[in-house]
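Here is what each chain is made of, one letter per residue.
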Amino acid sequence: MPRTICILWVTTLSFGISARTLWDLNRLSQPPKVYVAAPRADPLRAFFYAGLPWKGKPTRVFAFYGAPARKSAERLPAMVLVHGGDGTAFADWVRLWNDRGYAAIAMDTCGSVPSKGHGEPGGARNRPRHDFSGPPGWNAAFEQVDWPVEDQWPYHAAADILLANSLLRSFPEIDPRRIGITGISWGGYLVSIAASIDRRFRVAIPVYGCGFLGEDSYWVPELTKMGSEKSGRWLGLWDPSVYLGRAKMPFLWVSGTNDFAYPMDSLQKSYRLPRTTRTLTIRVRMSHSQSDGETPEEIHAFADEYLKSGAPLVSIRDQRRVGRRAWAKYGSATPVIRAELNYTLDSGAWQQRRWQTMTADLDHDRSTVNVTLPEGVRVYYFNLIDERGLIVSSENEVVP
């Protein structure tokens, strides 16, 4: 069974706060002032941009920015890249998107600068904080619950992201109608919040990260230790589930069946909240890391679909089950060449379930995938693979 924390759930409205009043969206829609910075990561630009005040003092946010070569009058699509726990602004991540024809900005959301010029994974404890740092992030955020709201890390990190969007929109080479966002782990958590309150983003791609941290997540013990009053207050302010229902752009959710931090039950509750187009890519036992989270080709194909008029991913249009017979209908502009049933016979903690895979039957004429579920299946879902090797998943279903 999923781990559950017994809390008094408090929404932001209980505090008299809404997304529109918690963050000053008019202020955050203005491009921030930029300051030259080191370290360099040629040919990228390294700079600070002005953040919101922290404890009454000005802050600056370190970022790498890069853009591919373009024709003189051409305006480029762009991506905002949000790192996860123990991460920073990753120059190589910016280059990855530059190589695919996008401008990109990657910022440090925790008041640090890369300890090496290229923004290496890991090593956060050795990463220097600068003179204009905002609040420390990730697990430290729980310790800030008694601080003023405007001094807490999720408030600042989401604001940093909105300011990055505003900065991109001010650059003459950027097409402001074609800016997307992706983030990994804690970055996916932040994407879920930022995309919900900033509808200027055209597309959102959280990797691993989602909401419902108080119901089933790696942080349930930490929240339990806080006590019901404080954990309820923190979750009411900062859990993405409070905001996701307001999101309007298409979402691609990327994760794995056994993710240690954001289990499949919380992921499913999260992706069902936005009343918009959703696409899922759920790999069996996908590893959890910066490198694994930035490289799935489905991420780039999804961005291309909405920001560059590229060929769309497969869409799951319906899924049903009667007894042990399960099927799903799909649509695809690119031929689907293979279908898999992923299933588990296990119950208990999602992170520990053993998943198995078998071939499912494709009916190309009817655009359906069909299977007879093995005896004893507790949870299952389909993966459809097109001729590009790109995976789209159906929702997982729990079998009573």
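Throughout this document, residue positions are counted from 1 along each chain, in the order its sequence is written. Two thresholds apply to this predicted model, a pLDDT of at least 70 for residue-level local features and 80 or more for giving and counting side-chain atom pairs, whereas whole-chain, interface and lining totals are computed over all residues. Remark: hydrogens and water are excluded; side-chain values derive from all non-hydrogen atoms of the structure.

### What to know about the packing of helix α4 (residues 153-170) against helix α5 (residues 186-197)
Convention adopted: a line fitted to C-alpha atoms gives each axis, helices being fitted over their contacting stretch, and angles between N-to-C directions are expressed from 0 to 180 degrees. A run of H or I in DSSP becomes a helix once it reaches four residues, and a run of E becomes a strand once it reaches two; helices and strands are each numbered from the N terminus. Interhelical geometry of α4 versus α5 gives an angle of 65° and a closest axis separation of 9 Å. Considering their axes alone, α4 and α5 lie roughly perpendicular with respect to each other. Of the two elements, α4 crosses α5, and the hand of that crossing is right-handed. Contact residues: Trp153, Pro154, Ala157, Ala158, Ile161 and Leu162 in α4; Trp186, Tyr189, Leu190, Ile193, Ala194 and Ile197 in α5. These descriptions rest on fixed angle ranges, namely under 35 degrees for roughly parallel, over 145 for roughly antiparallel, 65 to 115 for roughly perpendicular, and the rest for oblique. Left-handed describes a crossing whose near helix is turned anticlockwise from the far helix through less than a right angle; right-handed describes the clockwise counterpart. Contacts between residues were defined by any pair of non-hydrogen atoms, one from each residue, lying within 4.5 Å.

### Some details on the sheet that holds strand β14 (residues 361-363)
When DSSP finds at least two bridges between two strands, those strands are taken to pair. Across the sheet, 4 strands lie side by side as β10-β11-β15-β14; this open sheet has antiparallel pairing. Two strands bound the open sheet, and with one partner strand each, they are β10 (315-322) and β14. The mean inter-strand angle of the sheet, taken between neighbouring strand axes irrespective of direction, is 20°.

### Comments concerning the pattern of salt bridges
Salt bridges are counted wherever a side-chain nitrogen of Lys or Arg sits within 4 Å of a carboxyl oxygen of Asp or Glu. Taken as a whole and judged by the stated rule, the model has 18 salt bridges. When the shortest N-O distance is used, the salt bridge between glutamate 297 and arginine 100 registers 2.7 Å. Within this pair, whereas glutamate 297 is found in helix α10 (residues 297-307), its partner arginine 100 is found in the loop between α3 (91-98) and β5 (103-107), the two being separated by 197 residues in sequence. Think of it in three bands: with a 1.4 Å probe and only protein chains considered, a residue is buried below 20% of the maximum accessible area for its type, exposed above 50%, and partly exposed in between. Overall, arginine 100 belongs to the partly exposed group, its relative accessible area being 25%. Residues aspartate 146 and arginine 233 are paired through a salt bridge, measuring 3.3 Å at the closest nitrogen-oxygen approach. Of this pair, aspartate 146 sits in the loop between β5 and α4 while arginine 233 sits in helix α7 (residues 228-238), and the two are 87 residues apart along the sequence. Classification of aspartate 146 as partly exposed rests on a relative accessible area of 48%. Since its relative accessible area comes to 18%, arginine 233 is described here as buried. Through salt bridges with shared partners, a single ionic network connects Asp146, Glu229, Lys230 and Arg233.

### Brief notes about the environment of aspartate 216
The residue aspartate 216 is located in the loop between β7 (203-207) and α6 (220-226) in this model. Separated by 49 residues in sequence, aspartate 216 and aspartate 265 have C-alpha atoms that sit 7.4 Å apart.

### Points about the packing of aromatic side chains
Paired rings are identified among Phe, Tyr and Trp, the last through its six-membered ring, by centres lying within 6.5 Å, and are further divided according to the angle between planes into stacked (under 30 degrees), edge-to-face (over 60) and tilted (the rest). Tallying each qualifying case throughout the model produces 20 aromatic pairs. Taken together, a centroid distance of 6.0 Å and an interplanar angle of 65° make the contact between tryptophan 23 and tryptophan 238 edge-to-face. With tryptophan 23 in the loop between α1 (19-22) and α2 (25-28) and tryptophan 238 in helix α7, this residue pair connects regions lying 215 residues apart in the sequence. The class for tryptophan 23 is buried, based on a relative accessible area of 0%. You can call tryptophan 238 buried: its relative accessible area is 0%. An angle of 85° between the planes, with centres 4.9 Å apart, marks the rings of tryptophan 186 and tyrosine 189 as edge-to-face. Residue tryptophan 186 and its partner tyrosine 189 are located together in helix α5, separated by 3 residues, close to a single helical turn. Both residues of the pair, tryptophan 186 and tyrosine 189, count as buried. Taken together, Phe142, Trp153, Trp186, Tyr189, Tyr218, Trp219, Trp234, Phe260 and Tyr262 form an aromatic cluster joined through their ring pairs. By definition, being over a ring means that NZ of Lys or CZ of Arg is both within 6 Å of the ring centre and within 35 degrees of the ring normal. Over the aromatic face of phenylalanine 132 sits the side chain of arginine 60, whose NZ or CZ is 4.0 Å from the ring centroid.

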